[in-house]
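# Descriptive structure summary
Chain by chain, the residues run as shown.
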Amino acid sequence: MIETKRLKLYAASYQQMTAFIAAQSDDVLKAAYTEMLDGCLSHPDMLEWYAIWMIELKDGTHIGELCFKGLSEEGIAEIGYGIAKDYRGCGYATEAVSAITEWALAQPCVMCITAETETSNIASQKVLIKAGFIPTGEIGEEGPLFARRKTGTGNFA
């Protein structure tokens, strides 16, 4: 578990992920979360890199999720995240993304964390920049690519 000033972040167990997926009403999210669970089952020794990470307030209120989309052999992991509408605009996404990125980059096998966001999603782009990510100038499947490298591993130029 990762704790910040206001939040608790933790990788959900198989049982928690299964229940969370069953409770989803959005088919796109249900499919994405099912893919994460499948990744966990296929890579049981790398649970943190495939699991749904829950974002909760210190009082246990669930406000969002984040995930890594696996970890490449080169030590690169892509992150995705979302905060429930009622909790947006309070800095929770920046706090969660910053904390999980710090945790990830502290792992010896990790060199870089990346994220893509839709071109029109300015709020998400601001979250990434506040969390220390830099636009790479590349466009991924979902839009502009941002990255944050482990200190001392070079730049993106």
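In case you missed it, the structure is sitting above this.
Attention here is on the structure that accompanies the text. (Residues numbered from 1 in each chain as written. Predicted model: local features only at pLDDT ≥ 70, side-chain atom pairs only at ≥ 80, totals over all residues. Heavy atoms only, no water.)

Here the largest pocket is characterised by a volume of approximately 1200 Å³. As for the largest pocket, its lining consists of 41 residues, and the residues nearest its centre are Gly80, Tyr81, Gly82, Asn121 and Ser124. Residue contributions to the lining of the largest pocket peak at seven residues, all from helix α2 (residues 27-42). For the lining of the largest pocket, the class distribution of residues is 20 nonpolar, ten polar and eleven charged. Empty space within the second largest pocket amounts to approximately 150 Å³. If you go around the second largest pocket, the residues you meet are Phe20, Gln24, Leu29, Tyr33, His62, Ile63, Gly64, Glu65, Gly82, Ile83 and Ala84. (1 Å grid on protein atoms, 1.4 Å probe; cavity = no way out; pocket = protein on both sides within 12 Å on 5 of 7 lines; lining within 4 Å. Points joined across faces, edges and corners; volume = space filled by probe spheres on them. Helix = DSSP H or I, 4+ residues; strand = E, 2+ residues; numbered from the N terminus. Nonpolar A, V, L, I, M, F, W, Y, C, P; charged D, E, K, R; others polar.)

Under the defined criterion, the tally for this structure stands at seven aromatic pairs. Ring centres of Trp49 and Trp103 lie 5.3 Å apart, and the angle between their planes is 35°; on these two criteria the pair is classed as tilted. Linking Trp49 in the loop between α2 and β3 (52-57) with Trp103 in helix α3 (residues 92-105), this pair joins segments that are 54 residues apart in sequence. Of the residues examined, Trp103 reaches a relative accessible area of 24% and is grouped as partly exposed. Measuring from ring centre to ring centre gives 5.3 Å for Trp53 and Trp103, while their planes differ by 55°; the resulting arrangement is tilted. You can see Trp53 sitting in strand β3 and its partner Trp103 sitting in helix α3, a full 50 residues away along the chain. Taken together, the ring pairs connect Trp49, Trp53, Phe68 and Trp103 into an aromatic cluster. (Phe/Tyr/Trp six-rings, centres within 6.5 Å; stacked < 30°, edge-to-face > 60°. Buried < 20%, exposed > 50% of the residue type's maximum accessible area, 1.4 Å probe, protein only.)

The buried count for strand β4 (residues 62-68) comes to six of seven residues, which makes it a mostly enclosed element. Relative to β4, β3 runs antiparallel, the two sharing five bridges. If you follow Ile55 over to β4, its bridge partner there is Gly64. Where β3 folds back on β4, the antiparallel hairpin that results is connected by four residues, among which Gly60 adopts a positive phi of roughly 95°. With five bridges joining them, β4 and strand β5 (residues 76-83) adopt antiparallel strand pairing. Within β5, the position partnered with Phe68 by the bridge is Ile79. (Pairing = 2+ DSSP bridges.)

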